[in-house]
Amino acid sequence: MGKLVTTSTPLLFQSKLLCFSLSYLFLSLFFAFYTSLSSTTKCHSQSPPFDPLFNYPQSYGQHKHPIPTLHSSCNSPVFFSDYWVVFDEIRGLLDDPLWDFKGLKYVQGNGGCFGMNYSMHERISFFDYGDGGIEIPCGFFKKFPIRDYDRMAMESCKGVVVVSAIFGGHDKIRQPKGLGYKTLDHVCFYMFVDEVTLKQLHYHNILTGKTKENRIGAWRIVKVDTQELYENPAMNGIVPKYLVHRLFPNSKFSIWVDAKMQLVVDPLLLLHSLLIVKDADMAISKHPLYVHTMEEAMATARWKKWWDVDSLRVQIETYCEHGLRPWSSNKHPYPSDVPDSAIIFRKHGVASNLFSCLVFNELEAFNPRDQLPFAFVRDVMNPKIKLNMFDVEVFEHVASEYRHNIKHSGSVGTQPPRTKRASPDLLANGTSCTKCDGYLAEMWGESQD
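Residues numbered from 1 in each chain as written. Predicted model: local features only at pLDDT ≥ 70, side-chain atom pairs only at ≥ 80, totals over all residues. Heavy atoms only, no water.

Trainee: Residues and numbers for the packing of aromatic side chains, please.
Mentor: Tallying each qualifying case throughout the model produces 19 aromatic pairs. Where Tyr118 meets Phe141, the ring centres are 6.4 Å apart and the plane angle is 55 degrees; that geometry is what we call tilted. Here Phe141 lies in the loop between helix H3 (120-124) and helix H4 (148-155) and Tyr118 lies in the loop between helix H2 (83-95) and H3, a separation of 23 residues in the sequence. Both residues of the pair, Tyr118 and Phe141, belong to the buried class. Ring geometry for Phe140 and Phe144: centres 6.2 Å apart, planes at 45 degrees, overall tilted. With a relative accessible area of 22%, Phe140 lands in the partly exposed category. Here Phe144 falls in the buried class, since its relative accessible area comes to 1%. Joined through ring pairs, the aromatic side chains of Phe114, Phe140, Phe144, Tyr190, Phe192, Phe248 and Phe360 make up one cluster. Lying across the ring of Tyr402, Arg174 places its NZ or CZ 3.6 Å from the centre. (Phe/Tyr/Trp six-rings, centres within 6.5 Å; stacked < 30°, edge-to-face > 60°. Helix = DSSP H or I, 4+ residues; strand = E, 2+ residues; numbered from the N terminus. Buried < 20%, exposed > 50% of the residue type's maximum accessible area, 1.4 Å probe, protein only. Lys NZ or Arg CZ within 6 Å of the ring centre and 35° of its normal.)

Shown next, in the form of structure tokens:
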């Protein structure tokens, strides 16, 4: 009989599962090594070892991930100096007895409303501050409704303050990331909230009410009695956003951060790179899409960001009538007429304080869409403001943006009014004519007869 010939296979390779496992292991080790090597050579971590500052319960908030961006987070579009060099430089500025801190003179009085709602003729008369001989209306015609305990603490903040607000309970309190080791000792963090937001914080057991000073992570929580302010929660948020220099009269620098934003770079580094090094009064991002005020106004109406379209038209026509022009190279060094105002850096002084007051007056007169009066106030006011409008890539590198993501527990206030369409304004021949015809022709590059 013939012998059966067999080929012996090593036992190591007789198990397909074992072969697959070994291959997977070697590939995983290779990719892990490659990834770690790439991250150390291209990216640097912005978060120190003690992040996060506060751990929230899982029930607090619906979306936990930021809106993705199109730009790489590895390649920084802005240069940051060494933290300790920046820290010493800013501390030296704050301690300098020769700091030239000239404030504005404000209109005083007691009124039935917070801002008095001046007419356009009255408001435009305050745009030329000149040699400082006039008093500027800037809100506070009635007392800002917070506890005296909080007011005293705010007045004692004499250096840098970071401010945010949540009214109507539409956002989650997000902790800043990337803080340096001394930042919390030298920077004030204040979050203004209303009763609705405060109830949510208690509902999720984030605040217990056991201490006089409410604090969540880096943020000191200040309750505002909004029944004494405006019916619109967005307008209530405008008060700390644009009148921060009045709420914190002894601070020298401020950073406004919309509640949908989360800082991921130390605020001292941001102030140094975007404001101090640039010798600017204010720093703010350019809008990612729009350059002209009219573009922002049309988008506001199209996407129903403000319910009364007729009032939007009146607002823009008022600005056209008083000199608003579309952006062009003649407006340099300003690179755009439309900002993304979710983050604002300010050096408190005459120019930035005047700009903030004038913008606030426009917002109270029309609506809380602060991008609409931005260019008009900037171009008409005197003295001119030194403005650093940085690129969108910088904005996306220094902060993460989240959607409005809180699910309300129960009823929280009233629904916004339904959008009111603009009424037609036609001549006898059926064509329209507005006070912005010249603006539109210039924006579209058309010649006027």
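Trainee: I'd love a proper account of the nonpolar core, names of residues and values included.
Mentor: General note: in soluble globular proteins, nonpolar side chains tend to be found buried as a group. The biggest cluster of nonpolar side chains holds 70 residues, and the ones touching the most others in it are Phe144, Phe192, Phe248 and Phe360. Ranked by residues supplied to this core, first place goes to helix H12 (residues 350-365) with eight residues. Among all residues touching Phe192, those that are not within four sequence positions of it are Phe144, Met154, Val163, Ser164, Ala165, Ile166, Phe167, Val222, Val224, Pro240, Leu247 and Phe248. Ile90, Ile173, Met191 and Met261 belong to the second largest nonpolar core, which has 52 residues in total. (Core = buried A, V, L, I, M, F, W, Y, C linked by side-chain atoms within 4.5 Å. Contact = heavy atoms within 4.5 Å.)

Trainee: Break down the pattern of salt bridges for me, citing the residues and quoting the values.
Mentor: Tallying each qualifying case throughout the model produces 21 salt bridges. Asp148 serves as the salt-bridge partner of Arg151, at 3.6 Å between the closest nitrogen and oxygen. Taken as a pair, Arg151 and Asp148 lie in helix H4 at a separation of three residues, close to a single helical turn. When its relative accessible area of 18% is taken as the criterion, Arg151 is described as buried. We classify Asp148 as partly exposed; its relative accessible area is 46%. (Salt bridge = Lys/Arg side-chain N within 4 Å of Asp/Glu carboxyl O.)

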